[in-house]
Amino acid sequence: MYAQVILSISHTDIDRVFDYAIPEELLSRVKIGMRVRVPFGKGKSITEGYVVGVKDSTDVPLEKIKNIAYVPDGFPVFSETMLKLAMWMQERYFATLSKCLQTIIPSGIKDKTDYYKTVKYVRTGDNALECILKYENDKRRSKRSDVINLVLARGELPLAELKKINSEYTISVLRDEKALDVFDKKVLADTYTCSIIEETKPFEPNAEQKNILEEWKNEINDRSRPLLIHGITGSGKTEVYIRMIEQIIAEGKQAIVLVPEISLTPMMTGRFIKRFGNKAAVTHSRMNYRERFNCWKRAQDGDISVVIGPRSALFMPFDNLGVVIIDEEHEKSYVSETSPAYDAVETAEKLCILTGASLVMGTATPSVRTYYRCTLGDVRYTRLEKRAVEGSSKPEIEMVDMRDELRNGNRSIFSRKLYTALASNLQNKKQTMLFINRRGYSTFVSCRSCGYVMKCSHCDVSYKYHASNGKLICHYCGETVDKPDVCPACGSKYIRYFGTGTQKVEEEVRKCFPNARVLRMDMDTVSGKNGYADILNRFATGDADILVGTQMIAKGHDFKNVTLVGIMAADISLNTGEYNAAERTFQLITQVAGRAGRAEAEGKVIVQTYEPDNPAIIAAVKGDVDGFYRREIAFRKSMDYPPCEACAYIEITGIDEKNAIECAESAGYEFKKYEGMNVLGPVAEYISKIKDEYRYKIILRSKNDCILMEAVKEVYEKYRHDFENCGVYINPKAESVNMMQLVESDE
Ligand SMILES: [Zn+2]
Ligand SMILES: [Zn+2]
Ligand SMILES: [Zn+2]
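Rules and cut-offs
Residues numbered from 1 in each chain as written. Chains lettered and ligands numbered in written order. Predicted model: local features only at pLDDT ≥ 70, side-chain atom pairs only at ≥ 80, totals over all residues. Heavy atoms only, no water. Helix = DSSP H or I, 4+ residues; strand = E, 2+ residues; numbered from the N terminus. Buried < 20%, exposed > 50% of the residue type's maximum accessible area, 1.4 Å probe, protein only. Donors = N, O, S within 2.8 Å, 3.2 Å for Na, K, Ca; no water. Tetrahedral: all angles 85-135°; square planar, octahedral: opposite > 155°, others 65-115°. Core = buried A, V, L, I, M, F, W, Y, C linked by side-chain atoms within 4.5 Å. Contact = heavy atoms within 4.5 Å. Pairing = 2+ DSSP bridges. Salt bridge = Lys/Arg side-chain N within 4 Å of Asp/Glu carboxyl O. Axes fitted to C-alpha atoms, helices over the stretch in contact; angles between N-to-C directions. Arc of directions from axis to C-beta. Phe/Tyr/Trp six-rings, centres within 6.5 Å; stacked < 30°, edge-to-face > 60°. Parallel < 35°, antiparallel > 145°, perpendicular 65-115°, else oblique. Nonpolar A, V, L, I, M, F, W, Y, C, P; charged D, E, K, R; others polar. Patch = residues over 30% accessible without salt bridge, like charges linked within 9 Å, V, L, I, M, F, W, Y side chains within 5 Å. Areas by Shrake-Rupley, 256 points an atom, 1.4 Å probe, with all protein chains shown as cover. Left-handed = near helix turned anticlockwise from the far one by under 90°.

**Re unusual backbone geometry**
- Backbone torsion omega between P642 and P643 reads 5°, so that peptide bond is classified as cis.
- On the secondary structure map, P643 appears in the loop between α19 (625-639) and β26 (646-654).
- A cis geometry characterises the amide bond from G681 onward to P682, with omega recorded as 10°.
- Within the fold, P682 resides in strand β27 (residues 678-690).
- Despite not being glycine, K429 has its phi angle at roughly 60°, a positive value.
- Within the secondary structure, K429 is located in the loop between α14 (416-427) and β16 (431-435).
- On the basis of relative accessibility, which here comes to 67%, the residue K429 falls in the exposed class.
- Although it is not a glycine, D640 sits at a positive phi angle of roughly 55°.
- If you trace the backbone, D640 turns up in the loop between α19 and β26.
- For D640, a relative accessible area of 24% translates into the label partly exposed.

Here is the structure:
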């Protein structure tokens, strides 16, 4: 017998299946999905591989065929379904199968860690029955027969548990008499548990929620179309999810709930844990490998039926998946930044097609792509428009034109309206959130005399000033330098800090309101496993009056005492140079505004902007959701942008600028040969250098998705090798709403 093996080394040269002979003694253990160790290359080096097939014969000459060396695990690390998914990802995201498989198999399994620990267990011994009879009628020592009976009833239990209810002495006597037997048992080491900080009220669905659940239930045999729940913040989407999961569990199936990493707070996950108890488990990247592996293993062993986690939780090895729920489906973090650059929303849809599970997506601000697919009928559209907490109402949103403030001589980062509202909120002992989508102190540091801007030497970006340690930091590569005393260009002493970041806002708040208690939450203050939850906890329990933060604070946390939200600069996300900048801005403002007035108290939101005429900002302030999507889709159509038009981005990067541009040009030339292909570029990326790598992009558009995918694949496969030889990397990404039809995995 022969095994078809994919090697763990991810290199384009060896991204194919290798045949290995299965030695007699390993025959029963080598199956699809097993990890194996195999000899590879010259010498005696042993490499890890994954079995993707088993067959009777091979075309490889027998003298060349090598044996599988050994099999490290007693269980497969992926199923045949997951293998199909990996093959689909390989095609769709232009990655090696090896990388795709490594994305699917549990992280950390490569490390030689013992995921199991040895625990002392107790079971009944040979003389158990005799001893029961002996002690049953012994008035003084009848307790002993109770102990044996308990163990008998349980079969086996941890010794520590038994010791909690019985004396050491009793147990040791019974051991000596061979009534009890203590033995070592390997169990999965501790799994993650949540600390629950908020009680959830018993839930009775309102009319809107009932309708969605009915619709979803009625199509129980036809859940092939994804379902979108477009629900305003606070409309009780989570309760709908929970009801769906209850249904799925009743059908004997399992559920996966994807939540953006940043929203995986104890508050969020606690609601699931409370409802499903030890049937549910949480996984996230702040957990160690062992904890994450345990969650994965419990899913494989059928110990749990619900997993809540970030995008990687999609690959949980459930054997009868019933539903995948994606909360905040619009979130950028669902797209992986490393190869394979998979989009978890799209990949979830493929997984649901492969397994027959249902896909449910929820958000207050759908991605334009998903919304567009609803208009095409590819996705079922449902809506929740009522706030679920009785008495709570939509916050009042007000826009302030910061140019007017300047004209009126107000140079502060607070408009007069925000200042007044903040002051009265403090007086009324209510809490405030101030949002600025930029960490650090200032955006850029520049010389007042000659205009020189301090830039990172490795990236084409300006340094951000961090007041806490007096350093200039590049947010792309982490390069840190001391703040200069004089201008490096002209020697002038007049150095100015422009723009505003979280640290500056925090400092200004302290200056203006010296008695206010302020917390700041951004990448710089959140660290460690619980750093994030700690800050939120402190704010929730009233430890601070004001929380200043980046989009981390925009997520679904319910703070009952927050009645004011200030958006310091609504326009920051507008100027990123990307086609979806308006979409991001609309989503951010809407999400942040949703933080105000989550409970009985009335909420107020103040949006400060220098671009009060921007349609995305106006739509967000007015709550004109449908109008925004209608206009944005019309705009994308007119510009041939995704999702309306199939589009591909070819990113070409290299340390050597000349090589990079030459390779980019030859790729661009190659693309132009395809009929009906609209080729833009190569042009420098918006940030043209990161970590010493020069970055170029080619944008491809076509009315024909098939031709586009073909072209990208052909050019990529033809050139990636030659490019790599001159230190240039080509990284294609393709977008189309028809991806499910376009990319078929080999089945
Ligand atoms: Zn920073
Ligand atoms: Zn200067
Ligand atoms: Zn840098």
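**What to know about the coordination of the zinc ion (ligand 3)**
- Taken together, C456 (SG), C459 (SG), C474 (SG) and C477 (SG) make up the full set of protein donors to the zinc ion (ligand 3), lying 2.3 to 2.4 Å away.
- Around the zinc ion (ligand 3), the four donor atoms are arranged such that angles at the metal cover 107 to 115°; this shape is classified as tetrahedral.
- The sequence pattern describing where the donors of the zinc ion (ligand 3) fall on their chain is C-x2-C-x14-C-x2-C. Taken together, the residues span a long stretch of sequence, with C456 in the loop between β17 (444-447) and β18 (464-466) and C477 in the loop between β19 (471-473) and β20 (480-482) at a distance of 21 residues.
- On the basis of relative accessibility, which here comes to 28%, the residue C477 falls in the partly exposed class.

**Notes on the nonpolar core**
- Ranked by internal contacts, the top residues of the largest apolar core, which has 50 residues, are F78, M89, L101, V324 and I326.
- If you list the elements that add at least two residues to this core, you get β4 (46-55), α1 (80-92), α2 (97-104), β9 (254-258), α10 (289-300), β12 (321-327), α11 (344-355) and β13 (358-363).
- Top contributing element to this core by residue count: α1, with six residues.
- M89 has contacts with F94, C100, T103, I104, F315, P340, Y342 and T347, leaving out every residue within four places of it along the chain.
- M267, Y372, M521 and A593 belong to the second largest nonpolar core, which has 44 residues in total.

**Some thoughts on the pairing of strand β22 (residues 518-521)**
- Residue alternation in β22 divides its side chains into two sets, V518 and R520 and L519 and M521, and both sets are buried.
- Both β22 and strand β23 (residues 546-549) contribute to a ladder of four bridges, which runs parallel. Residue pairing in the sheet places L519 in a bridge with L547 of β23.

**Quick notes on the pattern of salt bridges**
- The final tally for this structure, using the stated rule, is 48 salt bridges.
- A salt bridge links K455 to D460, with the nearest nitrogen and oxygen atoms 2.9 Å apart.
- On the basis of relative accessible area, K455 is assigned to the partly exposed category, the value being 44%.
- D460 gets classed as partly exposed once you look at its relative accessible area, which sits at 26%.
- Beyond isolated ion pairs, a larger network of salt bridges with shared partners links E239, R243, E246, R271 and R275.

**Side note on the sheet that holds β19**
- Pairing is antiparallel in the open sheet, where three strands are placed in the order β18-β19-β20. The strands lining the two open edges of the sheet, one partner per strand, are β18 and β20. The sheet shows a mean angle of 35° between the axes of neighbouring strands, taken without regard to direction.

**A few points about α2**
- Buried residues of α2: L97, S98, C100, L101 and I104, and no others. The arc enclosing the buried residues of α2, seen along the axis, measures out at 165°, which places them on a common side.
- On its buried face, α2 is in contact with β1 (2-7), β4, α1 and α10.

**Focus on the coordination of the zinc ion (ligand 2)**
- In this structure, C447 (SG), C450 (SG), C487 (SG) and C490 (SG) serve as the protein donors to the zinc ion (ligand 2), at separations of 2.3 Å.
- All donors of the zinc ion (ligand 2) belong to a single chain; written as a sequence motif, their spacing is C-x2-C-x36-C-x2-C.

**Some points on the packing of aromatic side chains**
- By the definition in use, this model includes 18 aromatic pairs.
- For the pair F75 and F293, a centre-to-centre distance of 6.0 Å together with 40° between the ring planes defines the contact as tilted. You can see F75 sitting in the loop between β4 and α1 and its partner F293 sitting in helix α10, a full 218 residues away along the chain. Across the pair, F293 and F75 agree in class, each one buried.
- Measuring from centroid to centroid gives 6.0 Å for F75 and W296, while their planes differ by 50°, and the two rings are tilted.

**Quick notes on the side chain of K464**
- Mapped onto the elements of the fold, K464 is located in strand β18.
- Residue class for K464 comes out buried when judged on its relative accessible area of 15%.
- Apart from the residues lying within four places of it in its own chain, the contact partners of K464 are S442, T443, K471, L472, I473 and H475.

**Things to note about the packing of helix α4 (residues 142-154) against helix α6 (residues 168-176)**
- For the pair α4 and α6, the least separation of the axes is 11 Å and the interaxial angle reads 75°. Viewed along their axes, α4 and α6 adopt a mutual orientation that is roughly perpendicular. Contacts between α4 and α6 pair R144, V147 and I148 from the former with Y169, T170, V173 and L174 from the latter.
- For the contact of α4 with α6, the class distribution of residues is five nonpolar, one polar and one charged.

**Regarding a nonpolar patch on the surface**
- Taken together, M1, L27 and V54 make up a surface patch of nonpolar side chains, about 230 Å² in accessible area.
- With respect to the helices and strands, the residue V54 is situated in strand β4.

**Observations concerning the sheet that holds strand β2 (residues 18-21)**
- As summarised here, the arrangement of the four strands in space is β2-β1-β4-β3, forming an open sheet in which the pairing is antiparallel. Either end of the sheet is taken by a strand with one partner, and the two such strands are β2 and β3 (35-39). Neighbour to neighbour, the strand axes of the sheet diverge by 55° on average, direction disregarded.

**Some thoughts on the environment of V147**
- Tracing the backbone shows V147 in helix α4.
- Residue class for V147 comes out buried when judged on its relative accessible area of 2%.
- When the C-alpha positions of V147 and L157 are compared, they lie 12 Å apart, and in sequence the two are 10 residues distant.
- If near-sequence neighbours (up to four positions away) are discounted, V147 is found in contact with L162, N166, T170, L174 and L180.

**Re the packing of helix α17 (residues 581-593) against helix α18 (residues 615-622)**
- Closest axis-to-axis distance for the α17/α18 pair is 9 Å, and the angle between their directions is 25°. On the basis of the axis angle, α17 is roughly parallel to α18. As α17 runs across α18, the sense of the crossing is right-handed. Between α17 and α18, the contacting residues are A582, T585, F586, I589 and T590 on the first element and A616, I617, A619 and A620 on the second.
- Of the residues that constitute the contact of α17 with α18, the class distribution is seven nonpolar, two polar and no charged.

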